[in-house]
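Next come the chains, spelled out residue by residue.
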Amino acid sequence: MSPDLRDALDDLARGGVRDVDLHRLAARSRSRAHRRRQRRVTTVAGAVGAVLVLVALLAPGLTGVRRSLPADTGRTVDGHPERIGWQWPVRDLPDRPGPMAALVDTGHGWDAVRSDGHRWHIPMERKAVTWPTLSPDGRLLGYVQSDGRTYLVRDLVSGQRRLWPGLGAGISGPGLPPPTRWAVGGQAPSFFSPDGRHLAVNGFRGDVKDGETSGPLLLDVVRGGLVDLRAGGFLAGWLPDSSAVATVEQVTKELPNPDPRIVTGQTVLAAVRVHVVSTTGAELRTVTLRPSQRSWDPTGRLSQRSWALSPGGDRLLVVEEAAGAAFLRTFALADGREVREPISVLGLWTPCGVSWVSGAKVSVPVLQPGEPPSRQIVDLGSGEAQTATVVAPRLHAQCVEVLGAALAGSGKGGGLLGTSTAGWTWWWRELTLGLLAAGAVATLLTYRGVRRRRTRSDQPVDWSG
Amino acid sequence: VESGDFEEYVVARGAALLRTAFLLAGDRHLAEDLVQEALSRVAPRWRRITAKGDPEPYVRRALYTAAVDRSRRRSAAEVVAAAPAEAVAPGDDADAVARRVTLHQALLRLTARQRQVLVLRYYEDLSDAQAAAVMGCSVSTVKSQTVHALGRLRALAPELAETFGRAETTEEVTR
């Protein structure tokens, strides 16, 4: 070591820093330490807050517990789910979940769906595959209980229940108790009246072989009781004043047999009649639909879910499946004439039924190969179709029914993904969690590295020369 | 922070810390900032540090760490060009002032690491091993940095060659 250099450095340093206020230096150092601590606290608080927000956003979808939405406390449904996705667990429908917006057949039974996409399992019978029904405002839900022998209407807002013990699923077989007197048709649709006071179901006599009597049954939701309307056909809906129901009856005819060796002739659709029946069972009028664009396709097929009465009660939507395609046809209920050009909808899945939204807009189920089921809104005037609700492929759903009132409202629960059906969009929570976990691991490793370096650089050094 | 203890320490040792910081930074204001930074790093742990004994080693370590951090943050082109504000001390002759200015200018032309090794070895009187521990490098690196720093000083200020001592080769110092 050079003593000269040490002296020279000391001389330089002493000349460089003279007359420093050391009390001020101490105060400023303390102040800087305080600011540093505040910055650190703010940073940590911000990071913790960000993590909490992320967890709060992600946890509901993962746990199945979502925060209450305004729709829960309202009396009617106010929107529709854009996405019905995977959820765990799916709990049984509670007493007062609020109005529902949709029903989805997940392959493990029917689920009721809130407007934000949250699902609850409906504890209903599954052997006869009866369908549940929602009232137009989403407040009432009707279904056959899991015992298969009792029909139940639940008020999802007040929690009230009304039972019809004699109206079941019509299940019979060896070892089973005798069927109930009345049964609900498995695939046929049921309709709540617009005022919510009645429920019309397609029923049959469960205790009579071959279902000798079948047709609309009327359940009084307010006072209880059941009335057989003794009308023909399948239900299509209610008139807007809740005074009568419309049923549709298919009239078939047998074509002349060209070959005498063939015993059975070919049965084709000859006509479609609409009966308007009051709640007392009186037939108010009968209208025969008059296809003007083209006649009914002789090879065409109409199912019990092929029609829907408009909310105004003046139009009847009919889905005709013919030659491998499905057509939407619109008829006036007043005189039966066809009022619009038939519209072909790609992938229309007729077993799930159609419904009206408002004006000229109808809701149709769509199921295309390789795609999950969805609900589209079709404008009967322009023919334009817009996807309103999509269902996650892993739910293995067949049908999704969305209330017209819900579809008239805004889409909910879709977030930035909307109605996208891209594969990754159904796994965004898992992907986000994976990224978060990777980020957490990277942060932890970085923090450990920084701590290690800092610890090393903070170790005191033996300063004795 | 026990403000009394802390302030006592700063008043007692602040000037020495500032002198070291001045040699590391080359500027009075930067030196003050460096000492503030070092003290602010140890202030939150002052009680724990003083409980272990003399806080000086911790503060010195913090000072050098802060100097390294600062030199990393500053761009290579950034050079402190200011002459020492107090180049002239009472009673100094012209030669003393000239030597001081020359040494200061030469130090400013060194890298931060070279200044650091010179300060540790020749101003703080630390051994190679102690300097290596402070700088977080090997002893041989300290030795080679010392040789390079002294060589550069000789080249930058040949008139102070006596001050810097006999020239050594890297081989000699690493033996």
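Here's a quick rundown of the structure. (Residues numbered from 1 in each chain as written. Chains lettered and ligands numbered in written order. Predicted model: local features only at pLDDT ≥ 70, side-chain atom pairs only at ≥ 80, totals over all residues. Heavy atoms only, no water.)

Overview of the overall build of chain B
Right, so step 1: When its secondary structure is counted, chain B shows ten helices and zero strands.
Right, so step 2: Going from N to C terminus, chain B has its helices and strands arranged as α-α-α-α-α-α-α-α-α-α.
Right, so step 3: The 175 residues of chain B split such that 53% are buried.
Right, so step 4: Of all intrachain contacts in chain B linking residues separated by at least 6 positions in sequence, the fraction that spans at least 24 positions is 60%.
Right, so step 5: Within the structure as shown, chain B displays about 7900 Å² of accessible surface, and the carbon and sulfur contribution to it stands at 50%. (Helix = DSSP H or I, 4+ residues; strand = E, 2+ residues; numbered from the N terminus. Buried < 20%, exposed > 50% of the residue type's maximum accessible area, 1.4 Å probe, protein only. Contact = heavy atoms within 4.5 Å. Areas by Shrake-Rupley, 256 points an atom, 1.4 Å probe, with all protein chains shown as cover.)

So, the environment of proline 178 of chain A
Residues and elements named next belong to chain A.
Right, so step 1: Relative to the helices and strands, proline 178 resides in the loop between β10 (167-168) and β11 (182-184).
Right, so step 2: Proline 178 sits in the exposed class, given a relative accessible area of 58%.
Right, so step 3: Remark: the alpha-carbon pair of proline 178 and arginine 149, spanning 29 residues in sequence, is separated by 9.8 Å.

Observations concerning the sheet that holds strand β27 (residues 385-391) of chain A
All names here are of chain A.
Right, so step 1: Pairing within the open sheet is mixed, and its five strands lie in the order β2-β27-β26-β25-β24. Of all strands in the sheet, those with a lone pairing partner are β2 (83-84) and β24 (355-358), marking the two edges.
Right, so step 2: Examined bridge by bridge, strand β26 (residues 374-379) and β27 share five bridges and lie antiparallel to one another. By the bridge assignment for β27, valine 378 is matched with alanine 385. (Pairing = 2+ DSSP bridges.)

Some words on the interface of chain B and chain A
Right, so step 1: If you look at the interface, chain B gives 54 residues, while chain A gives 39 residues.
Right, so step 2: Carbon and sulfur atoms make up 63% of the surface buried where chain B meets chain A, a total of about 4500 Å² over both sides.
Right, so step 3: Linking chain B with chain A are seven salt bridges.
Right, so step 4: In this structure, glutamate 32 of chain B engages arginine 24 of chain A in a salt bridge whose closest nitrogen and oxygen atoms are separated by 3.7 Å.
Right, so step 5: At the surface where chain B touches chain A, the tally comes to nine residue pairs in polar contact (both at pLDDT 80 or more). (Buried area = accessible area lost by both parts, 1.4 Å probe. Salt bridge = Lys/Arg side-chain N within 4 Å of Asp/Glu carboxyl O. Polar contact = N/O pair within 3.5 Å; in protein donor to acceptor, adjacent residues only side chain to side chain.)

Examining unusual backbone geometry
Residues and elements named next belong to chain A.
Right, so step 1: The omega torsion of the bond from tryptophan 88 to proline 89 falls at -5°, within 30 degrees of zero and hence cis.
Right, so step 2: Within the element layout of this structure, proline 89 appears in the loop between β2 and β3 (102-105).
Right, so step 3: The backbone phi angle of histidine 396 is positive, close to 55°, even though this residue is not glycine.
Right, so step 4: Looking at the element boundaries, histidine 396 is found in the loop between β27 and β28 (400-402).

Notes on the packing of helix α6 (residues 112-123) of chain B against helix α7 (residues 128-135) of chain B
Residues and elements named next belong to chain B.
Right, so step 1: Two elements in contact, α6 and α7, have axes whose closest approach is 9 Å; the angle formed by their N-to-C orientations is 135°. Taken together, the axes of α6 and α7 are oblique relative to one another. The chirality of how α6 crosses α7 is right-handed. Taken together, the residues of α7 that come into contact with α6 (itself represented by Arg113, Gln116, Val117, Leu120 and Arg121) are Asp128, Ala131, Val134 and Met135.
Right, so step 2: Residues belonging to the contact of α6 with α7 are distributed by class as follows: five nonpolar, one polar and three charged. (Axes fitted to C-alpha atoms, helices over the stretch in contact; angles between N-to-C directions. Parallel < 35°, antiparallel > 145°, perpendicular 65-115°, else oblique. Left-handed = near helix turned anticlockwise from the far one by under 90°. Nonpolar A, V, L, I, M, F, W, Y, C, P; charged D, E, K, R; others polar.)

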